[in-house]
Amino acid sequence: MNGDEAIAEGAIAAGCTFFAAYPITPQSELAERMARRLPQVGGVFIQMEDELGAMAAVVGAAWGGAKAMTATSGPGFSLMVENIGLAVMTETPCVVANVQRGAPSTGLPTLVGQGDMMQARWGSHGHYEIIALSPWSPQEAFDLTVKAFALSERFRTPVLLMTDEVVGHMYERVEIPEEVPVAPRKKPKVAPEEFLPFEPDEDLVPPMACAGEGYRIHVTGLTHDEHGYPVMDAEAHDRLVRRLCEKILRFRDEFTWWEEVMTEDAEVLVISYGISARVALGGVELARKKGIKAGLLRLITIWPFPDEVLRKLSEQVRGTVVVEINLGQIYREVERATGGRVPMRGVFHAGGRIHTPEEVLAGIEEVLKCRS
Amino acid sequence: MPVVKAKPKPKPEVVPGVRHPSEKYLRTDRLPHIWCSGCGLGIALSSFLYALEELEIDPDSVAVVSGIGCAGRFAGYVRLDSYHTTHGRAIPFATGLKLAKPDLKVVVFSGDGDLFAIGGNHFIHAARRNIDITVLCVNNFNYGMTGGQVGPTTPVGGRTTTTPYGNFEHPFNLVYLAASAGATYVARWTTLHARRLKESIKEALQHPGFNFIEIISPCPTNFGRRNRLGDALDEMRYYAEKAVIRHGADPAEAEVIVGKEFIVGKFVDIRKPTYLELYHKKVEELFGP
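Residues numbered from 1 in each chain as written. Chains lettered and ligands numbered in written order. Predicted model: local features only at pLDDT ≥ 70, side-chain atom pairs only at ≥ 80, totals over all residues.

**Focus: the overall build of chain B**
- Counting its regular elements, chain B contains nine helices and 10 strands.
- For chain B, the C-alpha radius of gyration of 19 Å lies close to 19 Å, the compact-globule estimate for 289 residues.
- Dimensions of chain B along its principal axes, counting C-alpha atoms only, are 80 × 50 × 35 Å.
- Counting only residues that meet the buried cut, chain B has 51% of its 289 residues in that class.
- Considering only residue pairs separated by 6 or more positions, chain B has 66% of its internal contacts joining residues 24 or more positions apart. (Helix = DSSP H or I, 4+ residues; strand = E, 2+ residues; numbered from the N terminus. Rg over C-alpha atoms; globule rule 2.2 N^0.38 Å. Buried ≥ 20, exposed ≤ 12 C-beta atoms within 10 Å, placed from the backbone. Contact = placed C-beta atoms within 7 Å.)

As structure tokens, then:
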């Protein structure tokens, strides 16, 4: 199956019972698969009137007790970020897949892009932390979708699957395990009259009482206190926003995933993610054939950015090369995380096609010419 | 310069031993509410609470979803599962909530700007799909929370902060819009008709399908003041003079025009299969019961 379909199957395996979306290329195969599959497993698929409504419905369904998901591409993602912010503020577990295409605006609807990486990070207004994962194959699309649902429940937060048109439309063999553990929702342990719906446990995540469970809680996108009641107060706001960030940052080691290929002796570290990482690997192999000690760092968890991983690996190399289908979004993060200690080169393309391994090789050779 | 101190908020008078009659459904710890004196939202809220009480609805079986604005604060005052969402998105949020938890009675309570300007698209599509929810719209003809700007229901000639020379846009006739989009229960009342409003809410809560009630309300602080409508009581007098109860009237004729009589009552009360009924029927056809 292709990557889009693998995400749909991953969602079904993870226990997703609600999917709301609006048609957009290149996400169609994902939504179409969900429309076929969800009625078979007792879930609900609904095609909403737009992506604003789709994301709002997902947040509503999550409060109705469902594991809920939506999928889109750039233009739709722009409409969803408003209610992704609502999900962050109300601590609503949900999963959003973005099958990226060439952008800005309508851009290249049928062709690949990776230009929404920073939008994923900061797209909704305000300061917040978000979890974003990026698969490089249909199999990994399946696996990461399952993990995305688990993380969304663990941290009570939206989790983004930042894939792209090529992974979405790429057909490969996908093995679906017989049993996939369904992540539990953290439930209140006390009676309704004692329950404070936004009082966190030690892990900074409060238990979640969904609608109709007898807790009768108030949930608001306004700044709120432990009761869930609005508080228009700078200190309460600072406390809430810091906790929402901290609950993810403090435990980031649980889900900071990456893959290293030939990095042990690497002098040049090629950094990439998603479909670009597959091409980057080709570039690294070409370099090795020429006797250049190159290695690949493939980022799987994109947000929060794996600063530590970058910092450690950059200490042993003479240069880094970032390969991505935008003009340097993750490049800047790498620059920040490595503190500019080693020379850097970006192998960029604005979108519409993937790179060639030769372009990656050229980047590797170029960075080696820089004086460190 | 003398320091001008803000007036301290008056503390609510607490009479020992006296309980609020609606405390079963009301977050009394959130009172006093933020609404202006003379605003119709309090009447709308109490009509809703009385309706719940008279129907003996289990508070655990009903959820309220609001958008943003004065009416958006409604969700914060009910002792129910209540959701204060984003601007315009109460209906799609409620759609997700209802589809994920079909046993729940889901009530959307919001304002004219929230439901019909920024949220207009969601309204017509939820009505078209016949999502089984009840939408209560308090129509005060302007954006009260942000200071009184023109809205999609502001009558022609209405003065607001963004129509300082008078509004020249054509307003929506909400009951006509709801009926055209497929709502299966459509009514309009003013806050003067509190008992009829309560009865209407009771009907809507028991009526399967997409139910819509427009509640025309005074906004003495903004719309009323700028249009010299007097205080809230004067607005109520206006409703008493101009509102004509006519059940079963053609919604197309129910326009609200300043200075003219306008129709209130029940416009639509029909039964057709809801979204979930059709969905479950389809699933049953395919996979058996």
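Read on for the rest.
**Focus on the sheet that holds strand S1 (residues 62-66) of chain B**
- Taken in spatial order, the nine strands of this open sheet run S8(A)-S2(B)-S1(B)-S3(B)-S4(B)-S8(B)-S7(B)-S10(B)-S9(B), and their pairing is mixed. Sheet topology places strand S8 (218-220) of chain A together with strand S9 (243-245) of chain B at the edges, where each strand pairs with a single neighbour. Direction aside, the axes of adjacent strands within the sheet are offset by 20° on average.
- The sheet contact formed by S1(B) and strand S2 (residues 81-84) of chain B spans four bridges and is parallel. From the neighbouring strand, Val65(B) faces S2(B), where its bridge partner is Tyr83(B).
- Against the sheet, helix H1 (residues 41-54) of chain B contacts S1, strand S4 (134-139) and strand S8 (211-216) of chain B, and its axis sits at roughly 155° relative to S4(B).
- Against the sheet, helix H2 (residues 90-100) of chain B touches S1, S2, strand S3 (105-111) and S4 of chain B, its axis set at about 175° to S3(B). (Pairing = 2+ DSSP bridges. Axes fitted to C-alpha atoms, helices over the stretch in contact; angles between N-to-C directions.)

**Remarks on the sheet that holds strand S13 (residues 319-324) of chain A**
All names here are of chain A.
- Read from one edge to the other, the open sheet built from five strands follows the order S9-S11-S10-S13-S14, with strand pairing classed as mixed. Where the open sheet ends on each side, the last strands, each with one partner, are strand S9 (258-261) and strand S14 (344-348). Along the sheet, successive strands turn relative to each other by an average axial angle of 20°, direction set aside.
- On top of the sheet, helix H11 (residues 329-338) reaches strand S10 (268-273), S13 and S14; it is set at about 155° to S13, its chief contact.

**Overview of the pairing of strand S7 (residues 158-164) of chain A**
All names here are of chain A.
- Of all seven residues in S7, seven are buried; the element is thus mostly enclosed.
- Because side chains alternate across S7, one face comprises the buried residues Pro158, Leu160, Met162 and Asp164, and the other comprises Val159, Leu161 and Thr163, equally buried.
- With seven bridges joining them, strand S4 (residues 94-102) and S7 adopt parallel strand pairing. Bridge pairing in S7 places Cys94 opposite Pro158.
- Across three bridges, the pairing between strand S6 (residues 131-133) and S7 is parallel. The residue bridging Ile131 from the neighbouring strand is Val159, located in S7.

**Here we look at the interface of chain B and chain A**
- Chain B puts 34 residues into the contact, and the matching count from chain A is 37 residues.
- With eight residues, the top contributor of residues to the side of chain B that touches chain A is H2(B).
- As paired elements, S8(A) and S2(B) share three bridges and run parallel to each other. Bridge pairing links Thr220(A) to His84(B) in S2(B).

**Details of unusual backbone geometry**
All names here are of chain A.
- Cis geometry is found at the peptide bond from Ala103 to Pro104, where omega equals 15°.
- Its location among the elements puts Pro104 in the loop between S4 and strand S5 (108-112).
- Unusually for a residue other than glycine, Glu91 sits at a positive phi of about 55°.
- Note on placement: Glu91 falls in the loop between helix H4 (74-89) and S4.

**Focus: the pairing of S13(A)**
All names here are of chain A.
- Counting buried positions over the six residues of S13 gives six, a clear majority of the element.
- The alternating pattern of S13 places Gly319, Val321 and Val323 on one face and Thr320, Val322 and Glu324 on the opposite face, and all of these are buried.
- By the bridge criterion, five bridges tie S10 to S13 in an arrangement that is parallel. Bridge assignment links Ile271 to a residue of S13, and that residue is Val322.
- Here S13 runs beside S14; their pairing, made up of five bridges, is parallel. Note that in S14 the partner of Val321 across the bridge is Arg345.
- Considered for its hand, the β-α-β crossover made up of S13, H11 and S14 is right-handed. (Right-handed = clockwise from strand over helix to strand, strands pointing away.)

**Section: the domain arrangement of chain A**
Residues and elements named next belong to chain A.
- The domain architecture assigned to chain A consists of domain 1 (1-255) and domain 2 (258-369).
- The interface of domain 1 with domain 2 comprises 30 residues on the first partner and 22 residues on the second.
- Only S5, helix H5 (117-122), S6, S7, helix H7 (165-169) and helix H8 (234-249) provide two or more residues apiece to the side of domain 1 that touches domain 2.
- The element that contributes the greatest number of residues to the side of domain 1 that touches domain 2 is H5, accounting for four residues.
- Along the lines of polarity and charge, the residues of the side of domain 1 that touches domain 2 split into 19 nonpolar, seven polar and four charged. (Domains from an automatic or database assignment. Nonpolar A, V, L, I, M, F, W, Y, C, P; charged D, E, K, R; others polar.)

**Structural notes on H8(A)**
Residue and element names in this part refer to chain A.
- Taking 1.5 Å per residue as the helical rise, H8 with its 16 residues ought to reach 22 Å, and the 22 Å between its terminal C-alpha atoms agrees with that figure.
- Among the residues of H8, those classed as buried are Leu244, Lys247 and Ile248.
- Residues of H8 that are buried sit in contact with H4, S6 and helix H6 (138-155). (Expected span 1.5 Å × (residues − 1).)

**What about the nonpolar core?**
- Ranked by internal contacts, the top residues of the largest apolar core, which has 194 residues, are Val58(A), Val270(A), Val65(B), Leu97(B) and Leu136(B).
- Sorting elements by how many residues they give to this core places helix H3 (residues 51-63) of chain A first, with 10 residues.
- Each of domain 1 (1-255) and domain 2 (258-369) of chain A gives at least three residues to this core. (Core = buried A, V, L, I, M, F, W, Y, C linked by C-beta atoms within 7 Å.)

**So, the packing of H3(A) against H2(B)**
- At a minimum axis separation of 6 Å, H3(A) and H2(B) run at an interaxial angle of 40°. Classified by the angle their axes make, H3(A) and H2(B) are oblique. Of the two possible hands of crossing, H3(A) and H2(B) adopt the one that is right-handed. For the pair H3(A) and H2(B), the contacting residues are Gly53(A), Ala56(A), Ala57(A), Val58(A), Val59(A), Gly60(A), Ala61(A) and Trp63(A) in the first and Pro92(B), Phe93(B), Ala94(B), Thr95(B), Gly96(B), Leu97(B), Leu99(B) and Ala100(B) in the second.
- For the contact of H3(A) with H2(B), a count of residues per class yields 12 nonpolar, four polar and no charged. (Parallel < 35°, antiparallel > 145°, perpendicular 65-115°, else oblique. Left-handed = near helix turned anticlockwise from the far one by under 90°.)

**Quick notes on the environment of Met344(A)**
All names here are of chain A.
- Mapped onto the elements of the fold, Met344 is located in strand S14.
- Separated by 333 residues in sequence, Met344 and Ala11 have C-alpha atoms that sit 38 Å apart.
- Contacts of Met344, omitting those with residues within four sequence positions, involve Gly319, Thr320, Val322, Val334, Glu335 and Val367.

**A short note on the environment of Ser134(A)**
Residue and element names in this part refer to chain A.
- With respect to the element layout, Ser134 can be found in the loop between S6 and H6.
- Taking the number of C-beta atoms within 10 Å as the measure of exposure, Ser134 has 32 and is therefore buried.
- It is 13 Å that separates the C-alpha atoms of Ser134 and Ile325, two residues lying 191 residues apart in sequence.
- Filtering out sequence-adjacent residues up to four positions away, Ser134 remains in contact with Met162, Thr163, Tyr273, Gly274, Leu299, Ile300 and Ile302.

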